[in-house]
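Chain by chain, the residues:
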Amino acid sequence: MEVIRKAVLPVAGWGTRFLPATKAMPKEMFPIIDKPVIQFIVEELLDAGIENIIFVTGRHKRPIEHHFDINTDLERHLEEAGKEEILENIREISHMTNPIYVRQKEQLGLGHAVLTSEPAVGYEPFFVSLGDIILERGSEALKEMIEIYNRFGKSVIALFEVDREEVNKYGIAKVKEIEDGVYIIEDLVEKPSPEEAPSNLAIVGRYIFTPKIFEKLRETKPGKGGEIQLTDAMRLLLEEEAIYAYKFEGKVYDTGNPIDYLKTVFEFALQREDIAGELIQHIQELISKQTQLIDRS
Ligand code: G1P
């Protein structure tokens, strides 16, 4: 069985749900308090033992490259200012990974982004992690996926349960449970309506693929939204190879749209000792003012 060493992170998207904030700033660099979303995704992979990170980038995505690079000026400044703790943290980020950046010249869809990474991946199994979603204890989920891959030698995707009304935001899977928490995929649909959806099990944005996916991506025609969809390529893959699924039971933090992003920031803030107390007090004050206003009207 080939060892999984590489991960592809597609980060070339426009971030239209966050315009105008994303006009010049990648959404992957949005902070969850003081750490950019993309760093959570990279740390999750590193903690699961995946060290080779391939970013599929595009125009306007340079800040991501800078984030994982050495910034000697900043380091010198922090050194001179005696800010040891943050200096150590900044150095750690610079040495976290030796990334590869592949440029997706046109944004033709998630499937196309993954296909763009083929020369950097080569003919070996690999992870794909999407940056919109942060998973609670994500590295443990990835380790479970690796274990399933090691047993079956085939692609593995992570699924999670969503409300019926939300199925149109995700790729949805029809599955058969083969053992506790392990499933085999029978069919997949990208963003179906609640009536069309074969289940409420959604693709959470963590995948392990055999390299055969590249062959299938080349055959994939534009699908939902006129884009080359990864889910459609997986459907083609299913005709030749089994795809397994792991059901993720932990908390899913979405950062891909303003309201869910805010909720995520808020939940992370509540877990921070240095922030939680003051934040709760502030919110309580806001709520009581709001309630007084409603009572008076
Ligand atoms: C993508 C995938 C979808 C998956 C989702 C997870 O959609 O196409 O199958 O369920 O990510 O976040 P996007 O959110 O990029 O539209």
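Structure shown above.
This text gives an overview of the structure that appears in the document. (Residues numbered from 1 in each chain as written. Predicted model: local features only at pLDDT ≥ 70, side-chain atom pairs only at ≥ 80, totals over all residues. Heavy atoms only, no water.)

Among the secondary structure elements, serine 117 is positioned in the loop between helix 5 (110-116) and helix 6 (118-121). Within the structure, the side chain of serine 117 is placed 2.6 Å from the backbone oxygen of valine 114, a separation counted as a polar contact. When neighbours within four sequence positions are excluded, serine 117 is seen to be in contact with Val8, Ile54, Val56 and Phe214. (Helix = DSSP H or I, 4+ residues; strand = E, 2+ residues; numbered from the N terminus. Polar contact = N/O pair within 3.5 Å; in protein donor to acceptor, adjacent residues only side chain to side chain. Contact = heavy atoms within 4.5 Å.)

Okay, the pattern of salt bridges next. The full count for this structure, using the stated rule, is 30 salt bridges. In this structure, the salt-bridge partner of lysine 191 is glutamate 190, at a minimum N-O distance of 2.9 Å. Using a relative accessible area of 12% as the deciding quantity, one classes glutamate 190 as buried. Between arginine 272 and aspartate 274 there is a salt bridge, with the nearest N and O atoms lying 2.9 Å from each other. The exposure class of arginine 272 is partly exposed, given its relative accessible area of 25%. (Salt bridge = Lys/Arg side-chain N within 4 Å of Asp/Glu carboxyl O. Buried < 20%, exposed > 50% of the residue type's maximum accessible area, 1.4 Å probe, protein only.)

Right, let's get into the environment of leucine 217. Considering the arrangement of structural elements, one finds leucine 217 in helix 8 (residues 212-219). Taking the C-alpha atoms as reference points, leucine 217 and alanine 233, 16 residues apart in sequence, are found 5.1 Å from one another. Other than its neighbours up to four places away in sequence, leucine 217 contacts Gly111, Val114, Leu115, Ile228, Leu230 and Ala233.

Moving on, we get to the site of the ligand. With respect to spatial proximity, the complete set of residues near the ligand consists of Leu110, Leu130, Ile133, Tyr170, Gly171, Glu190, Lys191, Ile203, Gln229 and Thr231. Take glutamate 190: an N or O atom from its side chain is 2.7 Å from an oxygen atom of the ligand. A distance of 2.7 Å is found between an oxygen atom of the ligand and a side-chain nitrogen or oxygen belonging to lysine 191. If the ligand stood free it would expose 380 Å²; the protein chains cover 83% of that surface. (Near = heavy atom within 4 Å. Areas by Shrake-Rupley, 256 points an atom, 1.4 Å probe, with all protein chains shown as cover.)

Here we come to unusual backbone geometry. In the segment running from leucine 19 into proline 20, the intervening peptide bond is cis, with an omega of 5 degrees. Within the secondary structure layout, proline 20 lies in the loop between strand 1 (6-10) and strand 2 (31-32). Although it is not a glycine, isoleucine 33 sits at a positive phi angle of roughly 60 degrees. Inspection of the secondary structure puts isoleucine 33 in the loop between strand 2 and strand 3 (35-36). One non-glycine residue, histidine 60, lies in positive phi territory at about 70 degrees. When you line up the elements, histidine 60 lands in the loop between strand 4 (52-57) and helix 2 (62-67).

This part is about the side chain of histidine 67. Here histidine 67 shows up in helix 2. One polar contact links histidine 67 to glutamine 39, side chain to side chain, over a distance of 2.9 Å. Beyond its immediate chain neighbours, meaning those up to four positions away, histidine 67 contacts Met29, Pro36, Gln39 and Ile93.

Here we come to the packing of helix 1 (residues 37-47) against helix 7 (residues 138-152). For the pair helix 1 and helix 7, the least separation of the axes is 8 Å and the interaxial angle reads 50 degrees. The angle between helix 1 and helix 7 places the two elements in the oblique class. Crossing handedness for the pair helix 1 and helix 7: right-handed. Facing Glu44, Leu45 and Asp47 of helix 1, the residues of helix 7 in contact are Gly138, Ser139, Leu142 and Lys143. Broken down by class, the residue content of the contact of helix 1 with helix 7 amounts to two nonpolar, two polar and three charged. (Axes fitted to C-alpha atoms, helices over the stretch in contact; angles between N-to-C directions. Parallel < 35°, antiparallel > 145°, perpendicular 65-115°, else oblique. Left-handed = near helix turned anticlockwise from the far one by under 90°. Nonpolar A, V, L, I, M, F, W, Y, C, P; charged D, E, K, R; others polar.)

The values are spatial; any link to function lies outside them.
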